[in-house]
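# Per-entry structural report
Here's the letter readout for the chains.
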Amino acid sequence: FRLDMPELTCLTFRSLSDIRVAFAAELVDSLATHSPHLSQLTCDLGDSFEDFPFSQLNRFANLNQIKLLGIGKIQEPIDSIFPSKLTELELDRVEFDAGGMPALLSTLPNLHTLTLKRVSSLSSFEGWFSRSVRLLRLNNLSLGTLVLSTHFPSLREVLPFVTLFS
């Protein structure tokens, strides 16, 4: 399988829930090899988290925006899967080991927008620190009182999401 689209900059997968492990890995490998200018990636993973090759995301040298949606858990350490040029990261209903978030923030020096929606495993920002995050979007998180400037000294805006329909 080869997807040769050298000028591709933006890609959205509406649903990957039916894609099998081998195909998803082949697809991501082909994109990383043959679409070097890919800068924006949105993946609706449905419930097929175990099938998605998260560890290959860091192969995309020019990827600066990632949105991951789905119902499942990233098994890999979260600080090892995203490319360092990332400026925007959105995780919606994506579970992960929150203990890896401080390391992730330190590996993403250009991250200016962090969006966390419906991530039930987050209960604290303890240890989180980023000088680059300027926009923080939070939705349906079980967090107590926060002094965000302690964790994000460059923060300019915090936007809570209002969900009208689920």
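Cut-offs applied
- Residues numbered from 1 in each chain as written.
- Predicted model: local features only at pLDDT ≥ 70, side-chain atom pairs only at ≥ 80, totals over all residues.
- Heavy atoms only, no water.
- Helix = DSSP H or I, 4+ residues; strand = E, 2+ residues; numbered from the N terminus.
- Buried < 20%, exposed > 50% of the residue type's maximum accessible area, 1.4 Å probe, protein only.
- Contact = heavy atoms within 4.5 Å.
- Areas by Shrake-Rupley, 256 points an atom, 1.4 Å probe, with all protein chains shown as cover.
- Pairing = 2+ DSSP bridges.
- Axes fitted to C-alpha atoms, helices over the stretch in contact; angles between N-to-C directions.
- pLDDT = per-residue confidence, 0-100.

The subject of this paragraph is the overall build of the protein. Check the secondary structure of the protein and you find three helices and seven strands. Every one of the 166 residues in the protein was classed for burial, and the buried ones make up 44%. Long-range pairs, those at least 24 residues apart, make up 52% of the contacts in the protein with a sequence separation of at least 6. When the accessible surface of the protein is summed, it comes to about 8600 Å², and 51% of that surface belongs to carbon and sulfur atoms.

Further remarks concern the sheet that holds strand E3 (residues 65-73). A sheet is described by the order of its strands in space; here seven strands give the open sequence E1-E2-E3-E4-E5-E6-E7, paired in parallel fashion. In this open sheet, the two edge strands, each paired with only one partner strand, are strand E1 (10-13) and strand E7 (157-160). Within this sheet the neighbouring strands show an average axis-to-axis angle of 10°, counted without direction. In the sheet, strand E2 (residues 40-44) pairs with E3 via five bridges, with the strands oriented parallel. Bridging from a neighbouring strand, Cys 43 pairs with Leu 68 of E3.

Glancing now at the confidence of the model for the protein. Looking at the protein, the pLDDT average stands at 83 and 86% of residues meet or exceed 70. Of all helices and strands in the protein, the one with the weakest mean pLDDT is helix H1 (residues 21-34) (80), whereas helix H2 (residues 101-107) scores best (93). When the criterion is pLDDT under 50, residues 162-166 qualifies, and its contacts beyond four places in sequence or with other chains add up to two contacts.

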